[in-house]
Amino acid sequence: MLAVLCVVLFLDGMDVSMVGVALPSIGAELGMSESSLQWLVNGYVLGYGGLLLLGGRTADLLGRRRVFLIALAAFAVASFVGGLVDDGVLLVLTRFIKGLAAAFTAPTAMSILTTTFPEGPARNRALSIFTVFGASGYSSGLILGGLLTSAGWRWTFLTPVPVALAALVVGIRLIPRDTARSDGGHDIWGALTLTGGMLLAVYTVVTAPERGWLSPITLASVVVVVALLTAFVLIENRIAHPLIRLGILRIGTVVRANLSVVALMGSYVSFQFIMTIYLQNVLGWAPLTMALALLPAGIVVVIGSPLVGKLIDRYGTERLILASMVSLSLGYVWFLVAAGTTPDYPLAILPTMLLLGGGFGFGFSAIMAQGTDGIDDAEQGLAAGLLQTSGQVGSALILAVVTAVIAGATATDLGAFRPGLNLVTGVAVAGLLLNLVPLARRASRPRAPLPS
């Protein structure tokens, strides 16, 4: 069962990175502009980030196995159709549908894992294995994207299909049956306001750099987002069976885990975006060469993640997350100091990627464990959805700001990208401080006197 869940997470990571490498070839064949090509990435984020919370809660209410298998089937169909279409709009639509499917498979897989493996060593080990497959999927997608694009970009869409179908067949046999909850109620208005607010929020963040953060459309979208999310909070506080029990946000460890995953994923994704643009557009590196240059981070995650479960058992999630944030922050600071105007790979890029790999590999599993520990089984899908929503929407927000900061960077050296790198470093340091303060406060408290 764990293998099935890991394969699906592998597919999610691989799909994102493969399509990113294939964008220039897709644009050349289908006549899509650069702004249109962005929607092949943003369409996935829009569907994924906007419906993650709904996906996790739906699994809790309707049955995790049923929701997981239906969403996995939708992912396979959308991948197959995407490899056949000849229209850019239809291709973006298939990406949006795949994002919707991932919004249900990702939190459902996490909740199946956390409800199957009890808190403690078993769950920590399962989460560390889960993380290995996510990281290896993303890393493999970079390499496969470079290889498959040379044979034709359509293979980047078609390759996941047989793997998804195999996981679906095996999942039907191995994933344990569960029952839908009969006492969950139907929070229709809560679902509509939350889904509408999240979708519009992600859409606003994605389009703001192009339209302008102060444009009338952007400002109007922000107003509507605030109105929808305010209405959602009011509904959840008054309805008998809310879609989300807001009391979960009063748990300090849950809130800290969600903010930590924003710092982790937001800084990491934005840094990789900057390096992709810089290495290919400024230095003229080939996609495969660029992918191999960034690969060491993924290798560290794959090697280190299996050890995380034992480390959590020994040191706890708080210390491990703090250590990961230190490694992450040191990686960005090292790059800023060592890169100069034209970074040397052995001196600047390679050490940075190793430190970032350590930060991500040791932090992600610990954050997932911290954000789901102590949560009732009936709300594991909600807790998992919250974490993944924070990671995706937080990444979209930070990446949008970074993109706006480095917009128009056409310099022949790294100087034009430094404002974005400074922002990325600030996000990581904020995550470090977030996890340092609670431990520092606890250490500064006076100890109770020993009994005489």
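Counting from 1, residues in each chain are numbered in the order their sequence is written. Totals for whole chains, interfaces and linings use all residues, but because this is a predicted model, local features are given only for residues with pLDDT of at least 70 and pairs of side-chain atoms are given and counted only at 80 or more. Side-chain measures were taken over the full set of non-hydrogen atoms in the model, leaving aside hydrogen atoms and water.

1. Considering the overall build of the protein chain
- The secondary structure content of the protein chain amounts to 15 helices and 0 strands.
- Against the 2.2 N^0.38 benchmark of 22 Å for 452 residues, the protein chain shows a C-alpha radius of gyration of 21 Å, consistent with a compact globule.
- In terms of overall dimensions, the protein chain has C-alpha extents of about 65 × 60 × 45 Å along its principal axes.
- Here, two residues are considered to be in contact whenever any of their heavy atoms come within 4.5 Å of each other. The long-range fraction of contacts in the protein chain, counting pairs at least 24 apart against all pairs at least 6 apart in sequence, stands at 84%.
- We get accessible surface area from the Shrake-Rupley algorithm with a probe of 1.4 Å; when it comes to residues, only the shown protein chains can shield them. Of the accessible surface of the protein chain, which amounts to about 19,100 Å², a share of 69% is contributed by carbon and sulfur atoms. Numbering of helices and strands runs from the N terminus; a helix is a DSSP stretch of H or I covering at least four residues, while a strand is a stretch of E covering at least two. Computation of the radius of gyration draws on C-alpha atoms alone. For the globule rule, the value is 2.2 Å times the number of residues to the power 0.38.

2. Focus: the pattern of salt bridges
- What counts as a salt bridge is simple: a side-chain nitrogen of Lys or Arg found within 4 Å of a carboxyl oxygen of Asp or Glu. Scanning the entire structure with this criterion turns up 5 salt bridges.
- Between Asp15 and Lys98 there is a salt bridge whose closest N-O contact spans 2.5 Å. Of this pair, Asp15 sits in helix α1 (residues 2-30) while Lys98 sits in helix α4 (residues 88-116); the two residues are 83 residues apart in sequence, bridging distant segments of the chain.
- Across the salt bridge formed by Asp86 and Arg154, the nearest N and O atoms sit 2.3 Å from each other. Residue Asp86 is found in the loop between α3 (64-82) and α4, and its partner Arg154 is found in helix α6 (residues 154-158); the two are separated by 68 residues along the sequence.

3. Some points on a nonpolar patch on the surface
- Together, Val77, Phe80, Val81 and Leu84 give the surface a local cluster of nonpolar side chains, amounting to about 360 Å² of exposed area.
- Relative to the helices and strands, Val77 resides in helix α3. Residues with no salt bridge and a relative accessible area higher than 30% make up the patches, which join like charges within 9 Å and nonpolar side chains (Val, Leu, Ile, Met, Phe, Trp, Tyr) within 5 Å.

4. Regarding the environment of Gly247
- Its place among the elements puts Gly247 in the loop between α9 (216-238) and α10 (252-282).
- Taking the C-alpha atoms as reference points, Gly247 and Asn237, separated by 10 residues in sequence, lie 9.7 Å from one another.

5. Comments concerning the environment of Leu194
- Structurally, Leu194 can be placed in helix α8 (residues 188-211).
- With 144 residues separating them in the primary sequence, Leu194 and Gly50 have C-alpha atoms 8.6 Å apart.

6. Observations concerning the packing of α10 against helix α12 (residues 317-338)
- Only the contacting stretch of a helix is used when fitting its axis, a line to C-alpha atoms as for every element, and angles between N-to-C directions run 0 to 180 degrees. One way to put it is that α10 packs onto α12 with a least axis distance of 12 Å and a crossing angle of 25 degrees. Classified by the angle between their axes, α10 and α12 sit roughly parallel to one another. Classified by chirality, the crossing of α12 by α10 is left-handed. Across the interface between the two elements, Arg256, Ser260, Ala263, Leu264, Ser267, Tyr268, Phe271 and Met275 of α10 pack against Glu318, Ile321, Met325, Leu328, Tyr332 and Phe335 of α12.
- Considering only residue class, the contact of α10 with α12 consists of 10 nonpolar, 2 polar and 2 charged. Angle categories: roughly parallel below 35 degrees, roughly antiparallel above 145, roughly perpendicular from 65 to 115, and oblique for all the rest. Left-handed is the label given to a crossing in which the near helix is rotated counterclockwise from the far helix by less than a right angle, and right-handed is the label when the rotation is clockwise. Throughout this entry, Asp, Glu, Lys and Arg are counted as charged residues, while Ala, Val, Leu, Ile, Met, Phe, Trp, Tyr, Cys and Pro are counted as nonpolar. The remaining residues, Gly among them, count as polar.

7. With respect to the packing of aromatic side chains
- Classification of ring pairs rests on two measures: the distance between centres of Phe, Tyr or Trp rings, Trp counted by its six-membered ring, which must be within 6.5 Å, and the angle between planes, read as stacked under 30 degrees, edge-to-face over 60 and tilted in between. Here the structure, examined in full by the defined rule, presents 6 aromatic pairs.
- Where Phe271 meets Tyr332, the ring centres are 5.4 Å apart and the plane angle is 55 degrees; that geometry is what we call tilted. Note that Phe271 is positioned in helix α10 and Tyr332 in helix α12, a separation of 61 residues in sequence. The pair Phe271 / Tyr332 is uniform in exposure class, with both members buried.
- An aromatic cluster is present here, built from Tyr268, Phe360 and Phe364 joined pairwise through their rings.
- The ring of Phe75 is capped by Lys98, whose NZ or CZ atom sits 5.0 Å from the centre of that ring. Think of it in three bands: with a 1.4 Å probe and only protein chains considered, a residue is buried below 20% of the maximum accessible area for its type, exposed above 50%, and partly exposed in between. Over a ring means this: the NZ of a Lys or the CZ of an Arg is within 6 Å of the ring centre and within 35 degrees of the ring normal.

8. Digging into the confidence of the model for the protein chain
- Averaged over every residue, the pLDDT of the protein chain is 82; the share at 70 or more is 93%.
- When the elements of the protein chain are averaged for pLDDT, helix α2 (residues 34-62) gives the smallest value, 74, and α12 the largest, 93. The pLDDT score gives, residue by residue, the confidence of the prediction method on a 0 to 100 scale.

9. Here we look at α9
- With 23 residues, α9 extends 33 Å between its outermost C-alpha atoms, agreeing within 8% with the 33 Å of an ideal straight helix rising 1.5 Å per residue.
- Among the residues of α9, Thr218, Ser221, Val225, Phe232 and Glu236 are the ones counted as buried.
- Buried residues belonging to α9 abut α8. Multiply 1.5 Å by the residue count of a helix minus one, and that product is the helix's expected span.

10. As for the packing of α3 against α4
- At their nearest, the axes of α3 and α4 sit 8 Å apart, and the two run at 150 degrees to each other. For the element pair α3 / α4, the angle class is roughly antiparallel. At the point where α3 passes α4, the crossing takes the left-handed sense. Together, Arg64, Val67, Phe68, Ala71, Leu72, Ala74, Phe75, Ala78, Ser79, Val81 and Gly82 of α3 and Leu91, Thr94, Ile97, Lys98, Ala101, Phe104, Thr105, Thr108, Ala109, Ser111, Ile112 and Thr115 of α4 make up the contact between the two elements.
- Classifying every residue of the contact of α3 with α4 by side-chain character gives 14 nonpolar, 7 polar and 2 charged.

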